[in-house]
Amino acid sequence: MPKERLYLFDTTLRDGAQTTGVDFSLEDKRRIVRALDELGIDYIEGGYPGANPTDTQLFSSEQSLACATFTAFGMTKRAGRSVANDPGFQATLEARAGAICLVAKAWDYHVRVALGITNEENLQGVAQSVEAIRQAPPAREAMIDCEHFFDGYKDNRSYALAVAKTAHRAGARWVVLCDTNGGTLPHEIAEIVAEVVREIPGAQVGIHTHNDTENAVANALAAVRAGARQIQGALNGLGERCGNANLTSLIPTLLLKQEFAERFQIGVTPERLRRLTQVSRVLDEILNRAPNRHAPYVGEAAFATKAGIHASAILKEPATYEHVPPESVGNRRRVLVSDQAGKSNLIFELERLGIPIPRSDERVSRLLEEVKAREALGYAYEAAEASFELLARRLLGEVPQFFTVDSFRVMVEKRHNALGRLVTVSEATVKVFIDGGEEPLWSVAEGNGPVHALDQALRKDLGRYQNVIRDVELVDYKVRILTGGTEAVTRVLVESRDKGTGERWFTVGVSSNIVDASFEALIDSITYKLLKAGARA
Ligand SMILES: [Zn+2]
């Protein structure tokens, strides 16, 4: 039986851009458009031309896309004005886009309160706006987002339906049903969509859901099962409040879960699906935020197993504890090194890091003992893979002594500055020997705290290694006080990034002294970078 086509509509750059703290630049938007196009998304909503300079510029030139239809967002024409006399609407019409998606009120309560017009005027506006898009060259698809459709339907069923039917009759390619407030539940979505597709062919009905009850993905799937054939959502579930339906979760579900995979075809192929994890990380990188470790399919923890018995079962037969193969979405299996880890975990982890070693090698037992002893001191390697790799490679004699820190000193001073203001100044001095040389290098740096000053001083001059670490920066710094026993121990987790390659890594340090613990993690971070860059001592 031929599969039915299901269309994916991405709104990361429009609805997703409503997220608090998200502000895409023109370059950001272009980069995301490329990534979405390569993934196989059908419609990419770029923004709202005329509403802000970035979006106006984005829509001023043609996008060269391989498969996606670039889509502009706008509003239906204003009441009391003709299409030609509505500058906002004209700006939407001028957009260089293959499709235009207009938002229309579908709840009579909003028509009355927000627009202050009659129900009939609103219907006329919808019809005239769709017709205007169809008549204005070049040929473009028109879509109507029926705002508050589900709440409107529950309040005034016939009016919500009238808005949807008006858009359809006027020639809209898609009539999109929006759960704008995100409060509708999956069984309600299923019932209402099933009724709508009796009036409008499902092949022209779309679904737009929000995650306010953690059901945005479930709601989109319920709508598809009820007959809708276009899904709107955003990468990583970006969007205002609790976000939009998460396309990063929806796409693999549609491709890998039998019920959907057998019935539907989407633009994303199984080959392209392997890029999903990377696309998700690219978005986080652009937003400069740490990826959600627990994100379904693409999170670092999505295929992570901790307990020893599970780990040995996974090595024998991965399907025992995994709902889909991690490689199918470009993710990977992680068997966490932890207190409960047995030899299987360790060997698996070493293999993954590219350190093949036979189970019988006595160094495996020594490493396991070492990990356990260090975990007892407060080290945690689950979140600090780079430090774990260094530990393992040191034991195998693979980590050169690039440099040694002979001594360091940190000073924190509170004093009045030249303007008479009370300021706190941190200054660090580090004495380093490179390659076991005789001549020490002294570096002094200031920072906005003792750890920052130390980091600056340490990275200021590493002699001939300076080029390799030039782009390394400290991204995140977490301090955990571990109590127990007579004195508190501090564990510091440092996240570093190479600005050039975008690579991120985590290192750990433990000490009763917070500065000591931080310094240990910083040294691991730099050593890891030098090792990975293939620097030779
Ligand atoms: Zn929305």
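See above for the structure.
Q: Please clarify how the coordination of the zinc ion should be interpreted in this entry.
A: Octahedral metal centres with six donors ideally show angles of 90 or 180 degrees, and tetrahedral centres with four donors ideally show 109.5 degrees. Taken together, the protein ligands of the zinc ion are Asp15 (OD), His208 (NE2) and His210 (NE2), with distances of 1.9 to 2.2 Å. Using a relative accessible area of 4% as the deciding quantity, one classes His208 as buried.

Q: It is not clear to me how the pattern of salt bridges should be interpreted in this structure. Could you clarify?
A: Applying the stated criterion across every chain yields a total of 34 salt bridges. Linking Lys105 and Glu147 is a salt bridge whose minimum nitrogen-to-oxygen distance equals 2.8 Å. One end of the pair, Lys105, is in strand β5 (residues 99-105); the other, Glu147, is in strand β6 (residues 141-147), with 42 residues separating them in the sequence. Neither Lys105 nor Glu147 differs from the other in exposure class; each is buried. A cluster of three or more residues bridged by salt bridges with shared partners is formed by Arg14, Asp15, Glu45 and Asp145.

Q: Any chance you could explain the pairing of strand β18 (residues 504-511) here in plain terms?
A: Two faces make up the sheet, and in a regular strand the side chains alternate between them. With respect to burial, β18 is a largely interior element, 6 of its 8 residues being buried. Two elements, strand β17 (residues 489-498) and β18, share 8 bridges in a ladder whose sense is antiparallel. Of the residues in β18, the one forming a bridge with Leu493 is Val508. Hairpin connection from β17 to β18: 5 residues lie between these consecutive antiparallel strands, with Gly502 at a positive phi of about 80 degrees.

Q: Before we go on, may I ask you to explain the sheet that holds strand β2 (residues 7-10) in this structure?
A: The strands making up a sheet are joined through hydrogen bonds of the backbone, oriented either antiparallel or parallel. Reading around the circumference, β2-β3-β4-β5-β6-β7-β8-β9 is the order of the 8 strands in this closed barrel, with parallel pairing throughout. The sheet shows a mean angle of 25 degrees between the axes of neighbouring strands, taken without regard to direction. Those strands touched by helix α8 (residues 186-199) are β7 (174-179) and β8 (205-209), and its axis lies near 155 degrees from that of β8. Contacts between helix α9 (residues 216-226) and the sheet are confined to β7, β8 and β9 (230-233), with β8 contributing the most and set at about 165 degrees to the helix.

Q: Just checking my understanding: could you explain the packing of aromatic side chains for this structure?
A: In this description, a pair of aromatic rings is defined by centroid distance and the angle of the planes. Applying the stated rule across the entire model yields 14 aromatic pairs. An angle of 65 degrees between the planes, with centres 5.4 Å apart, marks the rings of Tyr7 and Trp174 as edge-to-face. Pair noted here: Tyr7 is in strand β2 and Trp174 is in strand β7, with a separation of 167 residues, a long-range link. In this structure Trp174 comes out as buried when scored by relative accessible area, which is 0%.

Procedures and definitions
- Residues numbered from 1 in each chain as written.
- Predicted model: local features only at pLDDT ≥ 70, side-chain atom pairs only at ≥ 80, totals over all residues.
- Heavy atoms only, no water.
- Donors = N, O, S within 2.8 Å, 3.2 Å for Na, K, Ca; no water.
- Buried < 20%, exposed > 50% of the residue type's maximum accessible area, 1.4 Å probe, protein only.
- Salt bridge = Lys/Arg side-chain N within 4 Å of Asp/Glu carboxyl O.
- Helix = DSSP H or I, 4+ residues; strand = E, 2+ residues; numbered from the N terminus.
- Pairing = 2+ DSSP bridges.
- Axes fitted to C-alpha atoms, helices over the stretch in contact; angles between N-to-C directions.
- Contact = heavy atoms within 4.5 Å.
- Phe/Tyr/Trp six-rings, centres within 6.5 Å; stacked < 30°, edge-to-face > 60°.

Distances and angles like these do not, on their own, reveal function.
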